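Observations on the model geometry
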Amino acid sequence: MQTSISKLVNQKRRALDLTIEQLAERASVSVSLISRIERGELANISLNKLQSIASALNLTLSDFFTDDALTGIHTLELISYLKSLPENQREIVSESILKILKL
């Protein structure tokens, strides 16, 4: 799990074109904390700090605790988009995506 959190923080930070310093400022945490997280050194991080980092990256705390196979930033963005839709629209969009994939 540590590896997937580290990878997700790094990928999302880079996708948002943020430096470690900028992310730390946005999340109100230290630069060294962000650096340690990206290196996989997650021991003793509080949920409050992890939540702050998630918010600064436009993620949810639960994004850090999903199945490792679903932790790519584009995968999470698609899941988030689908979650935001009303159920009937979500089914229509999901069906359309699946049809496209089967072409």
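Residues numbered from 1 in each chain as written. Predicted model: local features only at pLDDT ≥ 70, side-chain atom pairs only at ≥ 80, totals over all residues. Heavy atoms only, no water.

1. Brief notes about the nonpolar core
Ile-5, Val-9, Val-29, Ile-37, Ile-53 and Phe-64 are the most contacted members of the largest nonpolar core, which totals 20 residues. Per-element tally for this core: the top contributor is helix α4 (residues 47-56), with four residues. If sequence neighbours within four positions are ignored, Ile-37 has contacts with Ile-5, Ser-6, Val-9, Leu-42, Ile-45 and Ile-53. (Core = buried A, V, L, I, M, F, W, Y, C linked by side-chain atoms within 4.5 Å. Buried < 20%, exposed > 50% of the residue type's maximum accessible area, 1.4 Å probe, protein only. Helix = DSSP H or I, 4+ residues; strand = E, 2+ residues; numbered from the N terminus. Contact = heavy atoms within 4.5 Å.)

2. Examining helix α2 (residues 20-27)
Among the residues of α2, those classed as buried are Leu-23, Ala-24 and Ala-27. Buried residues of α2, viewed axially, fall in a sector of 100°; they line one side. Along α2, exposed side chains directed more than 90 degrees from the buried face belong to Glu-25 and Arg-26. Just downstream of α2 lies Ser-28, where phi reads positive at about 55°. (Arc of directions from axis to C-beta.)

3. Quick notes on unusual backbone geometry
In this structure, Asp-17 takes a positive phi of about 55° despite not being glycine. In this structure, Asp-17 sits in the loop between α1 (2-15) and α2. With a phi close to 55°, Ser-28 is a non-glycine residue in the positive phi region. Structurally, the position occupied by Ser-28 is in the loop between α2 and α3 (31-38). A relative accessible area of 66% means that Ser-28 is categorised as exposed.

4. Describing the side chain of Asp-63
Its place among the elements puts Asp-63 in the loop between α4 and α5 (73-84). Buried charged residue Asp-63 carries no salt bridge. Nearest counter-charge: Lys-83, at 5.2 Å. Not counting chain neighbours up to four residues away, the residues in contact with Asp-63 comprise Leu-8 and Leu-76. (Lys, Arg positive; Asp, Glu negative; His and termini not counted. Salt bridge = Lys/Arg side-chain N within 4 Å of Asp/Glu carboxyl O.)

5. A closer look at the confidence of the model for the protein
Per-residue confidence for the protein gives a mean pLDDT of 89; residues scoring 70 or more make up 94%. Taking the mean pLDDT of every element in the protein, the minimum, 85, falls on α5 and the maximum, 98, on α2. (pLDDT = per-residue confidence, 0-100.)

6. Remarks on the packing of α5 against helix α6 (residues 87-101)
Where α5 contacts α6, the two axes come as close as 8 Å, and the packing angle between them is 145°. For the element pair α5 and α6, the recorded crossing hand is right-handed. Contacts between α5 and α6 pair Leu-78, Tyr-81, Leu-82 and Lys-83 from the former with Arg-90, Val-93, Ser-94 and Ile-97 from the latter. Each residue belonging to the contact of α5 with α6 can be placed in one class, and the counts come to five nonpolar, one polar and two charged. (Axes fitted to C-alpha atoms, helices over the stretch in contact; angles between N-to-C directions. Left-handed = near helix turned anticlockwise from the far one by under 90°. Nonpolar A, V, L, I, M, F, W, Y, C, P; charged D, E, K, R; others polar.)

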